[in-house]
Amino acid sequence: MEENKKCYGSEGCSGDCSSCAHNSCSGDCSSCGHSCGGSKEDFLVKLNEKSSIKLVLGVLSGKGGVGKSLVTSLLATKLSKAGLKVGILDGDITGPSIPKAFNIHEPAYQEGGLILPAVTKGGIKLISSNMLLESEDDPIIWRSSLICSLLTQFYRDVRWEKLDVLLIDLPPGTGDVSLTTFQSFPLDGVIMVTAPQDLVSMIVKKSINMVEAMNIPVLGVVENMSYVVCPNCDEKIYIYGNKSSLEFKQRYGYERLDQIPFDGKLTSLIDNGQIEDYQGNYLDTLVDMVKEMRDLKYE
């Protein structure tokens with residue numbers, strides 16, 4: 001398994017970041033005063049020879065329960081319908097929910113030393129810790145070192161084959177799993193997910209600051225649970241208030257890519273494993289952005 005080496009092999013480094021004095025290390029070796037003996041790229045997890053991925057994007061919320069997995073599954077669905085080859089790595093090892101959104105219940109198998117991902121009816125490839133359990137509601141009671149090892153294995157040892165985009169659905173917070181992803185994976189950007197409440201925005205801002213400290217681009221912020229649509233008159237009711245685009249950008253430092261309302265139909269699709277049946281324009285702006293990133297990187 002790949003080690004989570006925060007200082008990238010500094011002289012005398014044991015690889016145990018809990019005892020490391022270089023706690024301010026951002027991973028940007030160009031500005032580092034330590035004699036690390038290598039670059040960040042030297043410590044990235046390498047894909048297996050059967051796989052190639054053009055873009056790797058993280059989806060992060062900072063706060064649990066704001067719709068990170070909904071945004072991941074919906075974005076994957078829309079990118080797939082736009083003609084891209086898409087994969088999802090469910091990085092929420094102890095709280096996986098991606099398989100349910102796509103009605104995936106079969107276990108993962110190995111072939112030729114590699115893990116075979118599940119393939120949805122729309123052709124999206126995905127891997128999740130739930131696919132390794134005897135029963136889907138069995139808990140994963142692991143130390144963070146084992147969780148991070150499984151995360152890196154999901155990237156390195158899954159036979160993704162050729163993908164345009166791999167979405168990594170990250171757990172909430174700024175802990176070990178997110179840190180391992182930022183340091184060990186070749187991320188092209190991170191999509192933040194928030195909700196309108198001030199408490200949520202404060203915690204999401206912490207995650208944004210973490211991403212910036214790791215020198216990874218933030219593509220923008222998706223606001224979930226933004227409003228409710230009145231079933232009688234179609235009026236939008238902003239339960240938690242509605243910040244203007246300017247106020248939103250001042251709070252987060254990034255554009256609001258989209259607003260997703262409380263939508264019973266969308267919730268039902270997720271709960272019934274039918275997210276790929278979604279028809280609508282949520283996340284259209286983000287889909288266009290990801291397609292442009294793919295094209296610019298490989299033009």
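Preceding block: the structure.
Residues numbered from 1 in each chain as written. Predicted model: local features only at pLDDT ≥ 70, side-chain atom pairs only at ≥ 80, totals over all residues. Heavy atoms only, no water.

K.L.:
Before we go on, may I ask you to explain helix α7 (residues 264-271) in this structure?
P.N.:
Given 3.6 residues per helical turn, the α-helix brings residues three or four places apart onto the same face. Turning to α7, its buried residues are Leu266, Leu269 and Ile270. Here the buried residues of α7 occupy an arc of 100 degrees about the axis, which is enough to place them on one side. Along α7, the residues that are exposed and aim more than 90 degrees away from the buried face are Gly264 and Lys265. One side-chain oxygen of the residue at the start of α7 lies 3.0 Å from the amide nitrogen of lysine 265, identifying that residue as aspartate 263. Looking one or two residues beyond α7, the residue adopting positive phi is glycine 273, at roughly 70 degrees. (Buried < 20%, exposed > 50% of the residue type's maximum accessible area, 1.4 Å probe, protein only. Helix = DSSP H or I, 4+ residues; strand = E, 2+ residues; numbered from the N terminus. Arc of directions from axis to C-beta. Polar contact = N/O pair within 3.5 Å; in protein donor to acceptor, adjacent residues only side chain to side chain.)

K.L.:
Even after reading the chapter, I still don't get the packing of helix α1 (residues 68-81) against helix α8 (residues 284-297), so can you show me in this structure?
P.N.:
When two helices pack together, their arrangement is captured by the angle between the axes and the distance separating the axes. The geometry of α1 relative to α8 is characterised by a closest axis approach of 10 Å and an angle of 60 degrees between their N-to-C directions. On the basis of the axis angle, α1 is oblique to α8. Two packed elements cross with a definite hand, and for α1 against α8 that hand is right-handed. Between α1 and α8, the residues in contact are Leu75, Lys78 and Leu79 and Asp284, Leu286, Val287 and Val290, respectively. Looking at side-chain class alone, the contact of α1 with α8 contains 5 nonpolar, no polar and 2 charged residues. (Axes fitted to C-alpha atoms, helices over the stretch in contact; angles between N-to-C directions. Parallel < 35°, antiparallel > 145°, perpendicular 65-115°, else oblique. Left-handed = near helix turned anticlockwise from the far one by under 90°. Contact = heavy atoms within 4.5 Å. Nonpolar A, V, L, I, M, F, W, Y, C, P; charged D, E, K, R; others polar.)

K.L.:
Help me understand the pairing of strand β7 (residues 162-169), please; the structure alone is not making it clear to me.
P.N.:
If a strand is regular, its side chains alternate between the two faces of the sheet. The buried fraction of β7 amounts to 7 of the 8 residues, a majority that puts the element mostly inside the structure. Strand direction decides the pairing type here: strand β1 (residues 52-60) and β7, joined by 7 bridges, are parallel. Within β7, the position partnered with valine 56 by the bridge is leucine 166. Looking at chain direction, strand β2 (residues 86-90) and β7 are connected through 5 bridges and run parallel. Bridging across to β7, valine 86 finds its partner in valine 165. (Pairing = 2+ DSSP bridges.)

K.L.:
Sorry, what's going on with the side chain of serine 178 here?
P.N.:
Positionally, serine 178 belongs in helix α4 (residues 176-184). Serine 178 gets classed as buried once you look at its relative accessible area, which sits at 1%. Dropping the residues within four chain positions of it, serine 178 is found in contact with Leu60, Pro171, Gly173 and Met210.

These results come straight from atomic positions and should not be treated as a statement about function.
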